[in-house]
Amino acid sequence: MTAPVHRIHIRPAHADDAALAAKVIYMSMGGLADYLFDGDARAIESILAKLFARNAGRFGFDVAVVAESDVQPVGMLFSCPGAKLPQFNLDALPHFFPVMGIKHTLKFIWRSVTLPGGPEAEKDEYYVSNLGILPESQGHGFGRALLEYAEQVSLANHLTKCSLIVGLHNKNAFHLYQHTGYQVVETAHSPNEHLAYYRMVKQLN
């Protein structure tokens, strides 16, 4: 019996995708989101949805695309040139105060700047900051398709390297990235397993 063919369509994200974006970001960050946002899953997804709808820098819709299959959303990709990442981080900051309040925003900032490891991305890389496929849509090649999309955008931006970060505990994602040509260039360790990660880079042809 022939396996069904799952067609994928990738489109720009918009503010109405906030609920999907919140799920994808939270899913891709895992325990790191719990640590940075200091709350339960429901509260964190609410914060992420509000940040996305406000187009808050690296958490906003300007840096995101939606993957659809049969007109149904199956996942999202957040990415940008590494040289622009610091600006996207700064662009997000003013949105945190009205969404989270001063106390929680300051805690988020402190925890962010004290994370282990070096820079998330180098200036000559195209950076995949978040990639996630909804659980019911996993195993059909959608994640690989979004990675291929990111690589095409990378080349269109005259960047011949794609990079990303994956938690040491996230074995499934790590194996996907390995199998698609990403190599570990840095391993950041931490007593908190959810803060430890691999930084991976793929050289594009």
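Computed from a predicted model, the values in this text were never measured in an experiment.

What about the overall build of the chain?
In step 1: What the chain contains, in helices and strands, is 7 helices and 7 strands.
In step 2: When its helices and strands are written in sequence order, the chain yields β-α-α-α-β-β-α-α-β-α-β-α-β-β.
In step 3: Taken over the C-alpha trace, the chain has a radius of gyration of 16 Å; the compact-globule value for 205 residues is 17 Å, and the two agree within 12%.
In step 4: A principal-axis box enclosing the C-alpha atoms of the chain has dimensions of 55 × 35 × 30 Å.

A closer look at the pattern of salt bridges
In step 1: For the coordinates displayed, the defined rule picks out 8 salt bridges.
In step 2: Taking the shortest distance from any N to any O, the salt bridge between Glu68 and Arg11 comes out at 2.9 Å. Pair noted here: Glu68 is in strand β2 (residues 64–69) and Arg11 is in strand β1 (residues 9–12), with a separation of 57 residues, a long-range link. Summarising the burial analysis for this pair, Glu68 and Arg11 share the class buried.
In step 3: Among the ionic pairs, Arg58 bridges to Glu120, the shortest N-O distance being 2.7 Å.

Quick word on the sheet that holds β1
The strands that make up a sheet are held in pairs by hydrogen bonds between backbone atoms, and each pair lies either parallel or antiparallel.
In step 1: As summarised here, the arrangement of the 7 strands in space is β1-β2-β3-β4-β5-β7-β6, forming an open sheet in which the pairing is mixed. The outermost strands of the open sheet, each flanked by one partner alone, are β1 and β6 (183–188). Taking the axes of each pair of neighbouring strands and ignoring which way they run, one obtains an average angle of 30 degrees across the sheet.
In step 2: Bridge analysis of β1 against β2 gives 4 bridges, and the strand direction is antiparallel. Bridge pairing in β2 places Pro12 opposite Val65.
In step 3: Against the sheet, helix α6 (residues 142–156) makes contact with β1, β2, β3 (72–81), β4 (126–133), β5 (161–167) and β7 (197–203), and its axis sits at roughly 160 degrees relative to β4, the strand it touches most.

Section: unusual backbone geometry
In step 1: Positive phi values are uncommon outside glycine, yet Asp70 reaches one of about 55 degrees.
In step 2: Within the fold, Asp70 resides in the loop between β2 and β3.
In step 3: Although it is not a glycine, Val71 adopts a positive phi angle of roughly 70 degrees.
In step 4: As for its placement among the helices and strands, Val71 is situated in the loop between β2 and β3.
In step 5: For Val71, a relative accessible area of 69% puts it in the exposed group.

Observations concerning the nonpolar core
In step 1: By size, the foremost hydrophobic cluster in this structure holds 37 residues, and its most contacted members are Phe37, Phe52, Phe59 and Met76.
In step 2: In terms of residues, this core owes the most to one element, helix α1 (residues 18–29), which gives 8 residues.
In step 3: The residues contacting Phe59, other than those within four sequence positions of it, are Ile25, Phe37, Leu48, Leu51, Phe52, Phe78, Ala92, Phe96 and Phe108.

Let's talk about the packing of helix α3 (residues 41–53) against helix α4 (residues 85–100)
In step 1: Put simply, α3 and α4 touch, their axes get as near as 10 Å, and they point 135 degrees apart. Judged on the interaxial angle alone, α4 and α3 are oblique. Viewed along their axes, α3 and α4 form a crossing whose handedness is right-handed. Mapping the contact onto sequence places Ile47, Lys50 and Leu51 in α3 and His95, Phe96, Val99 and Met100 in α4.
In step 2: For the contact of α3 with α4, the class distribution of residues is 5 nonpolar, 1 polar and 1 charged.

Thresholds, definitions, all that
- Residues numbered from 1 in each chain as written.
- Predicted model: local features only at pLDDT ≥ 70, side-chain atom pairs only at ≥ 80, totals over all residues.
- Heavy atoms only, no water.
- Helix = DSSP H or I, 4+ residues; strand = E, 2+ residues; numbered from the N terminus.
- Rg over C-alpha atoms; globule rule 2.2 N^0.38 Å.
- Salt bridge = Lys/Arg side-chain N within 4 Å of Asp/Glu carboxyl O.
- Buried < 20%, exposed > 50% of the residue type's maximum accessible area, 1.4 Å probe, protein only.
- Pairing = 2+ DSSP bridges.
- Axes fitted to C-alpha atoms, helices over the stretch in contact; angles between N-to-C directions.
- Contact = heavy atoms within 4.5 Å.
- Core = buried A, V, L, I, M, F, W, Y, C linked by side-chain atoms within 4.5 Å.
- Parallel < 35°, antiparallel > 145°, perpendicular 65-115°, else oblique.
- Left-handed = near helix turned anticlockwise from the far one by under 90°.
- Nonpolar A, V, L, I, M, F, W, Y, C, P; charged D, E, K, R; others polar.

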